[in-house]
Amino acid sequence: MQMVIQAGAHFTDHDPLLNLLQANVQLVAKSHAAFWGMRPFRKIFRPALKPAADRPSHQDTRARFQKLMPQGQQVDRAILSSALYLGERASIIMDGQFYANAGQRMSYMDHLFSDSSVELFMGLRNPGSFIPKVLMLLSAPEREHIVATTDLSCLSWLAMIEDIRDLAPDVKITLWSNEDSPLILGDIARALVGLPADTQLDQEYALLSSLISDLGKQELKGLREQRRPPNDPIFRGRLAQIFQQHALTEAIEEEVELPGWSEDIIAAFTELYEQDLARLRTMPDLRFLNP
């Protein structure tokens, strides 16, 4: 069996992705795949990812997971979806990096399912908006400790990815930029399930439609009526054009609530983020989903 972990990150388009899988649940089952949201993590994998002395045995954890399998359905690809597989709230920013425990956690999951192939899927987000959202999620003392002990300007996704590759080298990694999610949500879902790139999905463009004007919705409807496959280059180019021309500013731009977090800081992080994405796209043995 193939184990697929869709691990956020936090504040990415996790819910729209799960909604898309749910809208195509019969197609997912027909493809011998099954997916779960938060429940398996809370009930099974949170205890298993505790320090080694407090963990249940591999056999107990696997037996409990096996009980979740749908009756009467062949499952060749099990999809676990929650950002918490990489780290809980207090460890999103810790020890000077994002998800400092991610490599260890993926190594554990790889050993737990040693007779299966393990894949990690993760959407990355611009640290310029990600960092303040993480800090505002924490209590005031937690936030003050991170600000006092961490050089926030050095935070990037590269260290986390390198940790995972070092500590869990057999785990296959698929990444994308969350800012591209409205255009590639269907691609993410197809990759998660293992579907061909030209598979049509119900409600594939629901997220995109929610972010564009009424005129954009009309153009999107007309484009879809042409019945081009979703991986057609002409279709993809036109889709990107619709998003660029008709995106609603209030829908795609979020207010940054962290005091002192200025537009200049966001711009600096954006430049570094784009450099990191360019490096990640060229890394061997790593798949990056692009619009």
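Please refer to the structure higher up on the page.
A brief look at the structure comes next. Remember, predicted model here, so these are calculated numbers, not experimental data.

## With respect to helix α6 (residues 127-137)
Next, step 1: For α6, the complete set of buried residues consists of Pro127, Gly128, Phe130, Ile131, Pro132, Val134 and Leu135.
Next, step 2: Each element contacted by the buried residues of α6 is listed here: β4 (93-94), β5 (97-98), α7 (140-149), α8 (157-167) and α14 (263-281).
Next, step 3: Where α6 starts, the residue carrying a side-chain oxygen 2.8 Å from the main-chain nitrogen of Gly128 turns out to be Asn126.

## Re unusual backbone geometry
Next, step 1: Here Gly8 and Ala9 are connected by a cis peptide whose omega angle stands at 5°.
Next, step 2: The topology assignment puts Ala9 in the loop between β1 (2-6) and α1 (14-23).
Next, step 3: For Arg227, which is not glycine, the phi torsion reads 60° and is therefore positive.
Next, step 4: The residue Arg227 is located in the loop between α11 (214-224) and α12 (233-246) in this model.
Next, step 5: Despite not being glycine, Asp285 shows a phi value in the positive range, around 60°.
Next, step 6: Within the secondary structure, Asp285 sits in the loop between α14 and β8 (286-289).

## Some words on the sheet that holds β1
Next, step 1: Strand order across the open sheet formed by six strands is β2-β3-β1-β6-β7-β8, with parallel pairing between neighbours. Only two strands of the sheet have a single partner each, and these edge strands are β2 (33-36) and β8. Each adjacent strand pair in this sheet contributes to an overall mean axis angle of 20°, direction not counted.
Next, step 2: α1 contacts β1, β2 and β3 (77-81) of the sheet and is inclined by roughly 140° relative to β2.

## Here we look at the nonpolar core
Next, step 1: One finds Phe45, Phe65, Leu86, Tyr99, Met109 and Trp157 to be the most contacted residues of the largest nonpolar core, which totals 61 residues.
Next, step 2: If we ignore the near neighbours within four places in the chain, the residues touching Phe45 are Pro40, Thr61, Phe65, Leu80, Tyr85, Met109, Leu112 and Phe113.
Next, step 3: Listed in part, the 33 residues of the second largest apolar core include Leu20, Phe121, Trp176 and Leu185.

## Looking at the pattern of salt bridges
Next, step 1: Using the criterion set out here, one finds ten salt bridges in the structure.
Next, step 2: With its nearest N and O atoms 2.7 Å apart, the salt bridge here joins Arg190 to Glu204. Here Arg190 is found in helix α9 (residues 181-193), whereas its partner Glu204 is found in the loop between α9 and α10 (206-210), with 14 residues between them in sequence.
Next, step 3: The class for Glu204 is buried, based on a relative accessible area of 4%.

## Let's talk about a negative patch on the surface
Next, step 1: A surface patch of negative charge is lined by Glu253, Glu255, Glu257, Glu263 and Asp264.
Next, step 2: For Glu253, the location among the structural elements is in the loop between α13 (249-252) and α14.
Next, step 3: Using a relative accessible area of 55% as the deciding quantity, one classes Glu253 as exposed.

## As for the packing of aromatic side chains
Next, step 1: Under the defined criterion, the tally for this structure stands at 13 aromatic pairs.
Next, step 2: A ring pair is formed by Trp36 and Phe65, whose centres lie 5.5 Å apart and whose planes are at 65°; its orientation type is edge-to-face. Pair noted here: Trp36 is in strand β2 and Phe65 is in helix α4 (residues 58-66), with a separation of 29 residues, a long-range link. Like Phe65, Trp36 is buried.
Next, step 3: These aromatic residues form a ring-pair network of at least three members: Trp36, Phe41, Phe45, Phe65, Tyr85 and Phe113.

## So, the pairing of strand β6 (residues 117-124)
Note on strand geometry: in a regular strand, side chains alternate between the two faces of the sheet.
Next, step 1: In terms of residue burial, β6 counts as a mostly covered element, since seven of its eight residues are buried.
Next, step 2: Note: β1 against β6, five bridges, orientation parallel. Residue Met3 lies in a different strand from β6, and its bridge partner there is Val118.
Next, step 3: By the bridge criterion, six bridges tie β6 to strand β7 (residues 172-177) in an arrangement that is parallel. Residue pairing for β7: Met122 is matched across the bridge by Leu175.

The rules we used
- Residues numbered from 1 in each chain as written.
- Predicted model: local features only at pLDDT ≥ 70, side-chain atom pairs only at ≥ 80, totals over all residues.
- Heavy atoms only, no water.
- Buried < 20%, exposed > 50% of the residue type's maximum accessible area, 1.4 Å probe, protein only.
- Helix = DSSP H or I, 4+ residues; strand = E, 2+ residues; numbered from the N terminus.
- Contact = heavy atoms within 4.5 Å.
- Polar contact = N/O pair within 3.5 Å; in protein donor to acceptor, adjacent residues only side chain to side chain.
- Pairing = 2+ DSSP bridges.
- Axes fitted to C-alpha atoms, helices over the stretch in contact; angles between N-to-C directions.
- Core = buried A, V, L, I, M, F, W, Y, C linked by side-chain atoms within 4.5 Å.
- Salt bridge = Lys/Arg side-chain N within 4 Å of Asp/Glu carboxyl O.
- Patch = residues over 30% accessible without salt bridge, like charges linked within 9 Å, V, L, I, M, F, W, Y side chains within 5 Å.
- Areas by Shrake-Rupley, 256 points an atom, 1.4 Å probe, with all protein chains shown as cover.
- Lys, Arg positive; Asp, Glu negative; His and termini not counted.
- Charge placed at Lys NZ, Arg CZ, Asp CG, Glu CD.
- Phe/Tyr/Trp six-rings, centres within 6.5 Å; stacked < 30°, edge-to-face > 60°.

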